[in-house]
Amino acid sequence: QVQLVESGGGLVQAGGSLRLSCKASGRTFSMYGMAWFRQGSGKGREFVAGVSGNGNTYYSDSVKGRLTISRDNGKNTLYLQMNSLKPEDTAVYYCAADRNTRVAVPTRAIQYDYWGRGTQVTVSS
C-alpha cells in the first residue's frame, strides 16, 4: 500500500509560479510510474504530466513548456514546478502512482492505483 500526500497549492496571480510536492510512503517509490492530474470545478479529472520509473516524462499539450514534473527517489517525493500560470490552470491537483512497469507513461486515471487527496491551486486574473 502506498500513501500519497500533496502540498504546495495556493492562490497565485496569473503569470506566477508554484511548486507542488507529493510525498509517498513505502520503499518501492522508485519503481512506480507517477503522475499529476487535475480536476477543475464541474470538470472531469485531467492528465497533466507523468514520469516513469526510469525517468521518461510526458505532458499534456495544455501545460507543455510551462509545467515541469520531476521526482527525487531518495526523498520519495514527486514535484510539479508550475510557471506562467493561467486562470484555466485553476483546479485541485492530484498525485497518482502506477505500480505496473510500463514503457510509456499512462495518461488515463484508471491506470493509476494510488491517489492523494489533492491540493487546491487557484490562479487569479
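The present account deals with the structure reproduced in this document. Since the structure is predicted, the reported quantities are computational estimates derived from the model, not experimental observations.

## Focus on the pairing of strand β4 (residues 33–39)
- β4 sits mainly inside the fold: 6 of its 7 residues count as buried.
- For β4 and strand β5 (residues 46–51), the ladder comprises 5 bridges, and the chain directions are antiparallel. Pairing of Arg-38 across the sheet is with Glu-46, part of β5.

## So, the sheet that holds strand β7 (residues 67–72)
- As summarised here, the arrangement of the 4 strands in space is β1-β3-β8-β7, forming an open sheet in which the pairing is antiparallel. In this open sheet, the two edge strands, each paired with only one partner strand, are β1 (4–7) and β7. The mean angle between the axes of side-by-side strands here comes to 15°, regardless of whether they run parallel or antiparallel.
- Inspection of the sheet shows β1 paired to strand β3 (residues 18–24) by 4 bridges, in the antiparallel sense. Directly across from Glu-6, in β3, lies its bridge partner Cys-22.

## Topic: unusual backbone geometry
- Although it is not a glycine, Asn-76 adopts a positive phi angle of roughly 55°.
- Residue placement: Asn-76 occurs in the loop between β7 and β8 (77–82).
- For Ser-84, which is not a glycine, the phi torsion comes out positive at approximately 50°.

So, how was this worked out
- Residues numbered from 1 in each chain as written.
- Predicted model: local features only at pLDDT ≥ 70, side-chain atom pairs only at ≥ 80, totals over all residues.
- Heavy atoms only, no water.
- Buried < 20%, exposed > 50% of the residue type's maximum accessible area, 1.4 Å probe, protein only.
- Helix = DSSP H or I, 4+ residues; strand = E, 2+ residues; numbered from the N terminus.
- Pairing = 2+ DSSP bridges.
- Axes fitted to C-alpha atoms, helices over the stretch in contact; angles between N-to-C directions.

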